[in-house]
Amino acid sequence: MELTPFLARCKLVAILRGIRPDEAEGIGQALVDAGIAVIEVPLNSPGPLDSIARLARRFGDRALIGAGTVLDPADCARIAEAGGRLVVTPHADPAVVASAKQAGLLAVPGFMTPAEAFALLRAGADALKLFPAEAASPAVLKALLAVLPKGTQVLPVGGIEPGNMAPWLAAGAAGFGIGSAIYRPGDTPVTVAAKAAALRAALPTP
């Protein structure tokens, strides 16, 4: 399993921070219908494993479903049991990456520096999350990609919205993690569909 085919379909990772299990399928349907191929439920959301399980059962054949804000390596096995196939972290912890890979999951850990990036790739990371992107820039990403192994996929996360994606893409971003610009707690499926459409419209046609 690789991340590349999902990002080829759509470069956006929908981060559903704060979503409740009873909302998951409705929001998931709106995202899948909008062409979003990767959906992440942060573990600091209410009942996150329940939401992941519901999303995986309903949409696992059409989208990559996983967990974000994964801090404890032991959570990786629980994510896999719920049907998740992706682990995303906000921080550079090779132990979480190793645990994710042991559980057969894709691992996209957070980083900010070259030292963190290389350590995470050595641990088996499938891609890297540049976080918080507000503290970096497209120029920083371009410089990082110049020294990282060829083909390393880096996804900026934090503050990404339709109006600022183009410079990041020009610098080599493989995709983006999108939080409040695609979902805030309380958003309806109709609202999420409109947000997703605006974000997709800002991307170049594959």
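Before any of the text, the structure's been laid out above.
What you see is a predicted model, and the numbers here were worked out from it, not measured in a lab. (Residues numbered from 1 in each chain as written. Predicted model: local features only at pLDDT ≥ 70, side-chain atom pairs only at ≥ 80, totals over all residues. Heavy atoms only, no water.)

**Comments concerning the side chain of Glu-40**
1) Next: Position of Glu-40 relative to the elements: it lies in strand β2 (residues 38–42).
2) Next: Among buried charged residues, Glu-40 stands out as having no salt bridge; its nearest opposite-charge side chain is Lys-129, 4.9 Å away.
3) Next: Residues in contact with Glu-40, not counting those within four places in the same chain, are Val-13, Ala-14, Ile-15, Leu-16, Gly-66, Ala-67, Gly-68, Thr-69 and Val-88. (Helix = DSSP H or I, 4+ residues; strand = E, 2+ residues; numbered from the N terminus. Buried < 20%, exposed > 50% of the residue type's maximum accessible area, 1.4 Å probe, protein only. Lys, Arg positive; Asp, Glu negative; His and termini not counted. Salt bridge = Lys/Arg side-chain N within 4 Å of Asp/Glu carboxyl O. Contact = heavy atoms within 4.5 Å.)

**Overview of the pattern of salt bridges**
1) Next: A full pass over the atoms with the stated rule returns 8 salt bridges.
2) Next: Its salt-bridge partner being Glu-23, residue Arg-20 comes within 3.7 Å of it at the nearest N-O pair.
3) Next: Relative accessible area serves as the criterion here: at 39%, Arg-20 is assigned to the partly exposed category.
4) Next: Put simply, Arg-54 and Asp-50 hold a salt bridge, and the shortest N to O gap is 3.1 Å. On the criterion of helical spacing, the pair formed by Arg-54 and Asp-50 is a turn pair, its members being 4 residues apart in helix α3 (residues 48–59).

**Re the layout of surface pockets**
One water molecule sets the probe size; rolling that probe over the atoms shows where empty space is left.
1) Next: By volume, the largest pocket amounts to about 330 Å³.
2) Next: Taken together, 21 residues line the largest pocket, and the ones lying closest to its centre are Ile-15, Gly-158, Ile-178, Gly-179 and Ser-180.
3) Next: Taken together, the residues of the lining of the largest pocket break down into 9 nonpolar, 6 polar and 6 charged. (1 Å grid on protein atoms, 1.4 Å probe; cavity = no way out; pocket = protein on both sides within 12 Å on 5 of 7 lines; lining within 4 Å. Points joined across faces, edges and corners; volume = space filled by probe spheres on them. Nonpolar A, V, L, I, M, F, W, Y, C, P; charged D, E, K, R; others polar.)

**Some words on the nonpolar core**
1) Next: Core analysis: the largest hydrophobic core is formed by 57 residues, its most contacted members being Leu-12, Leu-31, Trp-168, Phe-176 and Ile-182.
2) Next: Take this core: its biggest share by element is 5 residues, from helix α2 (residues 21–33).
3) Next: In this structure, Ile-182 is in contact with Ala-14, Ile-15, Leu-31, Ile-36, Asp-187, Val-192, Lys-195, Ala-196 and Leu-199, ignoring residues within four places of it in sequence.
4) Next: Formed by 14 residues, the second largest nonpolar core is a distinct cluster that contains Phe-6, Val-13, Leu-64 and Ala-127. (Core = buried A, V, L, I, M, F, W, Y, C linked by side-chain atoms within 4.5 Å.)

**Digging into empty space enclosed by the protein**
1) Next: Per the counting criterion, the structure on display carries 1 cavity of 30 Å³ or more.
2) Next: Estimated volume of the largest cavity: approximately 110 Å³.
3) Next: Along the wall of the largest cavity there are 13 residues; nearest its centre are Val-13, Glu-40, Val-88, Val-108 and Leu-155.
4) Next: Here the residues of the lining of the largest cavity sort into 10 nonpolar, 1 polar and 2 charged.

**Thoughts on the sheet that holds strand β5 (residues 106–108)**
1) Next: Spatial ordering of the open sheet is given by β5-β4-β3-β2-β1-β9, a layout of 6 strands whose pairing is parallel. Sheet topology places β5 and β9 (176–178) at the edges, where each strand pairs with a single neighbour. Adjacent strand axes in the sheet meet at a mean angle of 25° when their direction is disregarded.
2) Next: Along the sheet, α3 makes contact with β2 and β3 (64–68), crossing β2 at roughly 160°. (Pairing = 2+ DSSP bridges. Axes fitted to C-alpha atoms, helices over the stretch in contact; angles between N-to-C directions.)

**Describing the packing of aromatic side chains**
1) Next: Tallied over the full model, the rule gives 0 aromatic pairs.
2) Next: A cation over a ring is seen here: Lys-129 above Phe-131, with NZ or CZ 4.7 Å from the ring centre. (Phe/Tyr/Trp six-rings, centres within 6.5 Å; stacked < 30°, edge-to-face > 60°. Lys NZ or Arg CZ within 6 Å of the ring centre and 35° of its normal.)

**A few points about the packing of α2 against α3**
1) Next: The geometry of α2 relative to α3 is characterised by a closest axis approach of 9 Å and an angle of 40° between their N-to-C directions. One way to sum up the angle between α2 and α3 is to call them oblique. As α2 runs across α3, the sense of the crossing is right-handed. Contacts from Pro-21, Asp-22, Ala-24, Glu-25, Gly-28, Gln-29 and Val-32 of α2 reach α3 at Asp-50, Ser-51, Arg-54, Leu-55, Arg-58 and Phe-59.
2) Next: Looking at the contact of α2 with α3 residue by residue, the classes come out as 5 nonpolar, 3 polar and 5 charged. (Parallel < 35°, antiparallel > 145°, perpendicular 65-115°, else oblique. Left-handed = near helix turned anticlockwise from the far one by under 90°.)

**Here we look at the environment of Lys-129**
1) Next: Mapped onto the elements, Lys-129 comes out in strand β7 (residues 128–130).
2) Next: Lys-129 sits in the buried class, given a relative accessible area of 6%.
3) Next: Once the C-alpha coordinates of Lys-129 and Met-112 are considered, the two residues, 17 residues apart in sequence, prove to be 8.4 Å apart.
4) Next: Other than its neighbours up to four places away in sequence, Lys-129 contacts Val-88, Thr-89, Pro-90, Val-108, Pro-109, Gly-110, Phe-111, Leu-155 and Val-157.

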